[in-house]
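Coordinate analysis (summary)
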Amino acid sequence: MPMNERPTANETPEREIAFMALASRFPDRLSFDEFYESLDTPERKNEFHRVTNFYLFLVKCGDWQISVKGYDPTIYYFTNSFKLVALFSLIESLTDLKHQDFYQWLSSSDKLTIFPISAKSDLKHLYGEYKKTFGSIRRCVNFFKRLPDKHKEALCNSIQIDGVSIDPIEKLAQFLYKLRSEFVHEAELVLYVNDSTSYHYEKKGINRSSLSLDILLEAFEEGVLLYFRNGT
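What this report covers is the structure whose coordinates are included nearby. In this text the structure is predicted, and so the values were computed from the model without any measurement.

**Quick notes on the side chain of Asn-207**
- Take Asn-207: it is sitting in strand E4 (residues 205-209).
- Looking at Asn-207, the relative accessible area reads 6%, which means it is buried.
- A polar side-chain atom of Asn-207 sits 3.1 Å from a polar atom in the side chain of Tyr-192.
- Ignoring any residue separated from it by four or fewer positions in sequence, one finds Asn-207 in contact with Gln-160, Ile-161, Asp-162, Tyr-192, Ser-198, Tyr-199, His-200 and Glu-202.

**Description of the side chain of Ser-209**
- Mapped onto the fold, Ser-209 is located in strand E4.
- Look at Ser-209 and you get buried, because its relative accessible area is 0%.
- Among all residues touching Ser-209, those that are not within four sequence positions of it are Ser-158, Ile-159, Tyr-192, Ser-196, Thr-197, Ser-198 and His-200.

**Topic: the sheet that holds strand E2 (residues 164-165)**
- Strand order in the open sheet formed by 4 strands is E2-E1-E4-E3, and the pairing between neighbours is antiparallel. Sheet topology places E2 and strand E3 (198-202) at the edges, where each strand pairs with a single neighbour.

**Points about the nonpolar core**
- Ranked by internal contacts, the top residues of the largest apolar core, which has 53 residues, are Phe-48, Phe-144, Leu-155 and Phe-228.
- Taken together, the elements giving at least two residues each to this core come down to helix H1 (13-22), helix H2 (29-37), helix H3 (42-60), helix H4 (76-93), helix H7 (136-145), helix H8 (149-157), helix H9 (169-186) and helix H10 (213-230).
- Of the residues forming this core, the biggest block, 9 residues, is contributed by H10.
- With residues up to four places along the chain from it excluded, the contact list for Phe-144 reads Phe-88, Ile-91, Lys-152, Leu-155, Ile-169, Ala-173 and Leu-176.

**What about the packing of aromatic side chains?**
- Going through the model one piece at a time under the given rule, you end up with 18 aromatic pairs.
- For the pair Tyr-76 and Tyr-77, a centre-to-centre distance of 5.2 Å together with 80° between the ring planes defines the contact as edge-to-face.
- Residue classification places Tyr-77 among the partly exposed residues on the basis of a relative accessible area of 29%.
- Linked through ring pairs, Phe-19, Phe-26, Phe-32, Phe-35, Tyr-36, Phe-48, Tyr-227 and Phe-228 together constitute an aromatic cluster.
- The positively charged end of Arg-29 is found above the aromatic ring belonging to Phe-19, 4.2 Å away from the centroid.

**Points about a nonpolar patch on the surface**
- Judged by side-chain polarity, Tyr-76, Leu-189 and Leu-191 come together as a nonpolar surface patch covering roughly 240 Å² of accessible area.
- The residue Tyr-76 is located in helix H4 in this model.

**Regarding the pattern of salt bridges**
- This structure, assessed with the given rule, holds 11 salt bridges.
- Between Arg-15 and Glu-37 there is a salt bridge, with the nearest N and O atoms lying 2.9 Å from each other. With Arg-15 in helix H1 and Glu-37 in helix H2, this residue pair connects regions lying 22 residues apart in the sequence.
- What makes Glu-37 partly exposed here is its relative accessible area of 41%.
- Residue Glu-221 is joined to Arg-25 by a salt bridge in which the shortest nitrogen-to-oxygen separation is 3.1 Å. Here Glu-221 is found in helix H10, whereas its partner Arg-25 is found in the loop between H1 and H2, with 196 residues between them in sequence.

Each value, and the rule that gives it
Residues numbered from 1 in each chain as written. Predicted model: local features only at pLDDT ≥ 70, side-chain atom pairs only at ≥ 80, totals over all residues. Heavy atoms only, no water. Helix = DSSP H or I, 4+ residues; strand = E, 2+ residues; numbered from the N terminus. Buried < 20%, exposed > 50% of the residue type's maximum accessible area, 1.4 Å probe, protein only. Polar contact = N/O pair within 3.5 Å; in protein donor to acceptor, adjacent residues only side chain to side chain. Contact = heavy atoms within 4.5 Å. Pairing = 2+ DSSP bridges. Core = buried A, V, L, I, M, F, W, Y, C linked by side-chain atoms within 4.5 Å. Phe/Tyr/Trp six-rings, centres within 6.5 Å; stacked < 30°, edge-to-face > 60°. Lys NZ or Arg CZ within 6 Å of the ring centre and 35° of its normal. Patch = residues over 30% accessible without salt bridge, like charges linked within 9 Å, V, L, I, M, F, W, Y side chains within 5 Å. Areas by Shrake-Rupley, 256 points an atom, 1.4 Å probe, with all protein chains shown as cover. Salt bridge = Lys/Arg side-chain N within 4 Å of Asp/Glu carboxyl O.

Next up, the structure:
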């Protein structure tokens, strides 16, 4: 807590962690407390605690560190790769729906009338319907689409593909999700997120990135507040 801020009478450790995680998004402690009190159910507050707790310790104030003689303990492309995965995991978790895999979704009682599935095109259609609700990329795209314009512009302008900024925000969200997936599934480190301008040589040309972790975290924090303000 900043030295000029005093804890409120009803302070709790979880509430304090939430404030530390999102303090930069509020002009003062009173504004944060008013927002916190607007979370009108214990379940909503618990969900807010979960997201802010994981965010503070895994991403905002957490670094992946190594202990190898002769090397710096924190290497930006290691720690930023893990942070990007953690951010997208939190974004994907912002839903009241309990996740189901495709088989579980097909097997639910209200879907039994669709069997037997006789054509490949029918199965493809059903998978598309499933992805509308449980598709991770769709949920992440919607998160970024809700951001204020200034955050969308900062994100889109931070990466150029063949000299052109990524636009609209849906493409930027898909690009970031692809970076996350390449690290998770192919062990490709995330080099696009750093504190200086970088250039990346791809098959189609040279890509330019000025996407700092600060830009990404500011957008994430704003998106979290919008989610809890709107209740969805």
